[in-house]
Amino acid sequence: MSRRGLLAGAGAATVTVLGAGTGAAAAAVPETTGFGPVTVRPGDFRYDNLLRGNNFRYVGRPEEIRVVGSTDQVVRAVSEAVRSGRRIAPRSGGHCFENFTADPAVRVLLDLSPMDEVGYDADRQAFAVQPGATLGHVYRTLFKGWGVTIPGGGCPEVGAGGHFAGGGYGPLSRRYGSVVDHLYGVEVVVVDRDGTARTVVATREPGDPHRDLWWAHTGGGGGNFGVVTRYWLRSPRVTGADPSQLLPAAPQRMLQHVVFWSWEHMTEQALTGLLRNFGTWHERNSAPGSPYAGLYGILQPSHRAGGTVMLVAQIDADLPNADSMVTDFLAAVTAGTDLTPALDIRRTMPWLHRMTWPGTGEPGDVLNRRYKIKAAYLRRGFTDTQLAAVYRNLTNSTGGPDAGMLLVGYGGQVRAVAPGATAIAQRDAVMKAVYQTIWADEADDAANLAWVRGFYRDVYAATGGVPVPGEVNDGSYINYPDADLADPAWNTSGVSAHRLYYKDNYPRLQRVKARWDPRNVFRHALAIEPPQAG
């Protein structure tokens with residue numbers, strides 16, 4: 001039984017089942033029905049438990065939390081909110097880095113988490129995923145049922161709803177592209193100009209009159225155009241009705257190598273060397289079809305207060321020369337640094353275990369869940385000036401033990417898709433940079449925010465404090481939203497946050513917004529804005 005079935009307590013029905021023998025007495029047994037809807041308001045003992053998302057910095061106070069279990073329930077909830085003039089925001093996994101669903105202006109929080117079904121849709125010859133399904137649930141179901149997967153993220157508790165719409169990526173993206181490169185269609189609850197909420201199915205088929213709505217969900221971000229209630233996934237250019245051939249084959253085993261170095265012996269020359277080498281390797285090995293496209297690397301230097309610098313390499317263990325490719329990668333990244341590892345481990349493990357272990361990728365434990373994350377795309381490695389800024393901020397006196405940054409490998413098959421084919425514009429990027437700080441107490445908010453904001457502004461000082469697209473930088477990633485990019489106090493570049501996230505695709509996203517959300521029902525701090533009249 002699915003989690004959705006286990007939660008189905010409202011409105012049990014009875015059916016009659018005949019016994020095995022002729023003339024056996026009929027017996028009434030309970031039958032569960034679909035979940036919800038459930039409306040939770042302040043004063044209900046469930047309210048505070050359902051209120052928080054993953055980032056404890058943000059806690060809204062909506063008039064009600066509507067917990068839904070079907071598309072029809074979403075339509076009714078949206079209709080009621082529009083009719084009463086109340087702001088509504090959908091939430092699936094709750095991992096938004098900003099306050100998109102916890103904004104004080106949101107009066108109805110639409111909780112989609114019970115909508116977590118994953119299965120094969122024979123009519124559309126595609127896999128159907130509801131928005132409340134976590135990535136771990138998606139990976140487990142696809143793997144156990146058909147031996148296939150999608151190139152999504154490595155945090156198993158993230159909900160598919162926002163991850164897919166924002167152009168999710170993960171350890172297999174260099175090999176197979178972005179999740180949205182395998183997105184066949186979407187089911188979306190939209191609101192017409194007269195306030196009518198209705199369901200629209202949009203696909204990538206060239207003749208689909210709703211195709212622009214599909215396109216907007218290939219990287220245009222969640223909460224912009226409507227409420228997604230179902231995704232369909234099928235790789236492009238595949239044919240036939242065999243489900244095991246319609247998405248990439250999942251690896252059987254994952255080879256992972258992890259190296260830790262202590263900050264005690266980390267000089268500026270050594271750290272700069274690691275960062276520069278990591279960038280150079282990705283510049284040279286991130287073309288579509290590269291022999292190294294299956295290798296996924298992360299370089300994670302903590303702040304000096306955190307004590308360590310970590311390098312991770314992952315690869316499908318059954319790819320040809322997988323072991324030697326990892327060895328070559330490690331040698332290239334560490335060349336000339338003269339560093340002795342504090343810990344050096346290479347292991348092979350089942351792929352599904354690696355992708356669904358509950359501890360993977362979560363930003364701190366339950367008591368340490370306040371964070372601020374800023375991000376950028378890189379078309380090549382950092383400049384010398386940027387490298388100096390990185391070292392300066394990782395060794396200053398204001399960073400905490402859970403502060404630092406990551407360089408994440410990207411490119412490969414992602415670069416095989418044209419910038420306008422999906423809403424992801426940064427198709428020639430080879431890395432993503434993440435700047436983060438995580439802490440426990442509200443009293444430490446100001447200090448942590450000041451540190452990470454100062455760090456980011458220092459790295460991009462030459463372009464107004466933000467990663468303006470150019471030779472090195474290429475804007476930012478909407479699934480790592482950062483409201484500072486829309487704040488002139490932190491973005492002095494003259495380039496809008498929308499251009500940083502969507503580049504030349506933004507005007508087209510605005511046209512989609514005007515068509516499918518003409519009343520601007522769905523909005524947040526970084527939302528797609530309707531085009532200006534005139």
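With an unreviewed UniProt entry as reference, the chain is termed FAD-binding oxidoreductase, source organism Nonomuraea helvata. Note on the chain: under the UniProt heading Sequence similarities (unreviewed entry), the record states "Belongs to the oxygen-dependent FAD-linked oxidoreductase family." Turning to the chain, the UniProt annotation filed under Cofactor (unreviewed entry) states: "FAD".

### Here we look at the overall build of the chain
Broken down by element type, the chain carries 14 helices and 18 strands. The C-alpha radius of gyration of the chain comes to 24 Å, within 12% of the 24 Å expected for a compact globule of 534 residues. Counting only C-alpha atoms and orienting by the principal axes, one finds that the chain spans roughly 85 × 55 × 50 Å. In the chain, 72% of the contacts between residues at least 6 apart in sequence involve partners at least 24 apart. Accessible surface for the chain amounts to roughly 21400 Å². Of this, 51% is attributable to carbon and sulfur atoms. In the chain, the 53 positive side-chain charges and the 50 negative ones have mean positions that sit 3 Å from each other.

### As for the pairing of strand E18 (residues 431-439)
Where burial is concerned, most of E18 is hidden: nine out of the nine residues are buried. By the bridge criterion, nine bridges tie strand E16 (residues 370-378) to E18 in an arrangement that is antiparallel. Pairing of Ala-375 across the sheet is with Val-434, part of E18. By the bridge criterion, seven bridges tie strand E17 (residues 403-409) to E18 in an arrangement that is antiparallel. Across the sheet, residue Gly-404 finds its bridge partner in E18, namely Gln-436.

### Description of the pattern of salt bridges
Applying the stated criterion across every chain, the model contains 33 salt bridges. Close ionic contact of Lys-372 with Glu-98 constitutes a salt bridge, the shortest N to O distance being 2.6 Å. Highlighted residues: Lys-372 in strand E16 and Glu-98 in the loop between strand E5 (88-91) and strand E6 (108-111), separated in sequence by 274 residues. Across this residue pair, the class does not change: Lys-372 and Glu-98 are buried. Connected through salt bridges with shared partners, the residues Arg-41, Glu-63, Glu-64, Arg-66, Glu-80, Arg-86 and Arg-107 form a single ionic network.

### Some words on the packing of helix H8 (residues 268-284) against helix H9 (residues 322-334)
Closest axis-to-axis distance for the H8/H9 pair is 7 Å, and the angle between their directions is 130 degrees. Comparing the axis directions of H8 and H9 gives the class oblique. Contact residues: Gly-273, Leu-274, Asn-277, Phe-278, Trp-281 and His-282 in H8; Phe-329, Ala-332, Val-333 and Thr-334 in H9. Taken together, the residues of the contact of H8 with H9 sort by class into six nonpolar, four polar and no charged.

### Comments concerning the nonpolar core
Membership of the largest hydrophobic core comes to 103 residues, with the highest contact counts inside it found for Phe-164, Leu-213, Met-266, Phe-329, Phe-382, Leu-407 and Tyr-435. Excluding residues that lie within four positions of it along the chain, Phe-329 makes contacts with Phe-278, Trp-281, His-282, Leu-295, Gly-297, Leu-311, Val-312 and Ala-313. Grouped together as the second largest cluster of nonpolar side chains are 22 residues, Val-258, Tyr-296, Tyr-377 and Tyr-477 included.

### So, the side chain of Asp-111
Note on placement: Asp-111 falls in strand E6. Ignoring any residue separated from it by four or fewer positions in sequence, one finds Asp-111 in contact with Ile-65, Arg-66, Val-67, Val-68 and Arg-91.

### Digging into the UniProt feature "domain: FAD-binding PCMH-type" (unreviewed entry) in the chain
Mapped onto the present numbering, the UniProt feature "domain: FAD-binding PCMH-type" (unreviewed entry) falls on residues 58-238. The span residues 58-238 shows a helical share of 23% and a strand share of 24%, and its end C-alpha atoms are spaced 43 Å apart.

### Some words on helix H12 (residues 445-459)
When the terminal C-alpha atoms of H12 are compared, their 22 Å separation across 15 residues agrees well with the 21 Å that a helix rising 1.5 Å per residue should span. Buried within H12 are the following residues: Asp-445, Asn-448, Leu-449, Trp-451, Val-452, Arg-453, Phe-455, Tyr-456 and Val-459. Looking at the buried residues of H12, the elements they touch are E16, helix H11 (384-394), E17 and E18.

### Quick notes on the environment of Pro-288
Relative to the helices and strands, Pro-288 resides in the loop between H8 and strand E13 (296-301). With relative accessibility at 40%, the residue Pro-288 sits in the partly exposed group. Put simply, Pro-288 and Gly-177 are 111 residues apart on the chain and 9.3 Å apart in space, counted from C-alpha to C-alpha. Those residues in contact with Pro-288 that sit more than four places away from it in its chain are Gly-412, Gln-413, Arg-415 and Ala-416.

### A word on the sheet that holds E6
Taking strand neighbours across the sheet as the criterion, the four strands line up as E3-E4-E6-E5 in an open arrangement whose pairing is mixed. At either end of the open sheet lies a strand with only one pairing partner, and these are strand E3 (38-40) and E5. Each adjacent strand pair in this sheet contributes to an overall mean axis angle of 20 degrees, direction not counted. Pairing of E3 with strand E4 (residues 64-67) involves three bridges; the strand directions are antiparallel. Looking across to E4, one finds that Val-40 is bridged to Ile-65. Packed onto the sheet, helix H3 (residues 71-83) meets E4, E5 and E6 and runs at close to 175 degrees relative to E6.

### Considering unusual backbone geometry
For the peptide bond that leads from Gly-36 to Pro-37, omega is 0 degrees, which places it in the cis range. One can find Pro-37 in the loop between strand E2 (27-31) and E3. Phi at Asn-321 takes a positive value of approximately 60 degrees, unusual for a residue other than glycine. Locating Asn-321 in the fold gives a position in the loop between strand E14 (308-316) and H9. The phi dihedral of Asp-338 falls on the positive side, at around 55 degrees, and the residue is not glycine. Among the structural elements, Asp-338 can be located in the loop between H9 and strand E15 (343-350).

### Observations regarding the environment of Gly-306
Tracing the sequence through the fold places Gly-306 in the loop between E13 and E14. Separated by 237 residues in the primary sequence, Gly-306 and Gly-69 have C-alpha atoms spaced 43 Å apart. Once you skip the residues sitting within four places of it in the chain, Gly-306 turns out to touch Gly-400 and Pro-401.

### What about the packing of aromatic side chains?
Summed over all chains, the structure comprises 24 aromatic pairs. Summarising the aromatic geometry, the rings of Trp-263 and Tyr-391 are spaced 6.2 Å apart at their centres and angled 45 degrees between planes, so their arrangement reads as tilted. Of the two residues, Trp-263 sits in the loop between strand E12 (253-262) and H8 while Tyr-391 sits in helix H11, which places them 128 residues apart along the sequence. Relative to Tyr-502, the ring of Tyr-501 has its centre 6.3 Å away and its plane inclined at 55 degrees; by these criteria the two rings are tilted. Here Tyr-501 and Tyr-502 have matching classes, each one buried. Over the face of the ring belonging to Tyr-184 we find Arg-234, whose NZ or CZ atom lies 4.3 Å from the ring centre. For Lys-432, the ring lying beneath its charged end belongs to Tyr-169, and the centroid distance is 3.8 Å.

Conventions adopted
Residues numbered from 1 in each chain as written. Predicted model: local features only at pLDDT ≥ 70, side-chain atom pairs only at ≥ 80, totals over all residues. Heavy atoms only, no water. UniProt positions renumbered as here; feature names shortened; annotations may be inferred. Helix = DSSP H or I, 4+ residues; strand = E, 2+ residues; numbered from the N terminus. Rg over C-alpha atoms; globule rule 2.2 N^0.38 Å. Contact = heavy atoms within 4.5 Å. Areas by Shrake-Rupley, 256 points an atom, 1.4 Å probe, with all protein chains shown as cover. Lys, Arg positive; Asp, Glu negative; His and termini not counted. Charge placed at Lys NZ, Arg CZ, Asp CG, Glu CD. Buried < 20%, exposed > 50% of the residue type's maximum accessible area, 1.4 Å probe, protein only. Pairing = 2+ DSSP bridges. Salt bridge = Lys/Arg side-chain N within 4 Å of Asp/Glu carboxyl O. Axes fitted to C-alpha atoms, helices over the stretch in contact; angles between N-to-C directions. Parallel < 35°, antiparallel > 145°, perpendicular 65-115°, else oblique. Nonpolar A, V, L, I, M, F, W, Y, C, P; charged D, E, K, R; others polar. Core = buried A, V, L, I, M, F, W, Y, C linked by side-chain atoms within 4.5 Å. Expected span 1.5 Å × (residues − 1). Phe/Tyr/Trp six-rings, centres within 6.5 Å; stacked < 30°, edge-to-face > 60°. Lys NZ or Arg CZ within 6 Å of the ring centre and 35° of its normal.

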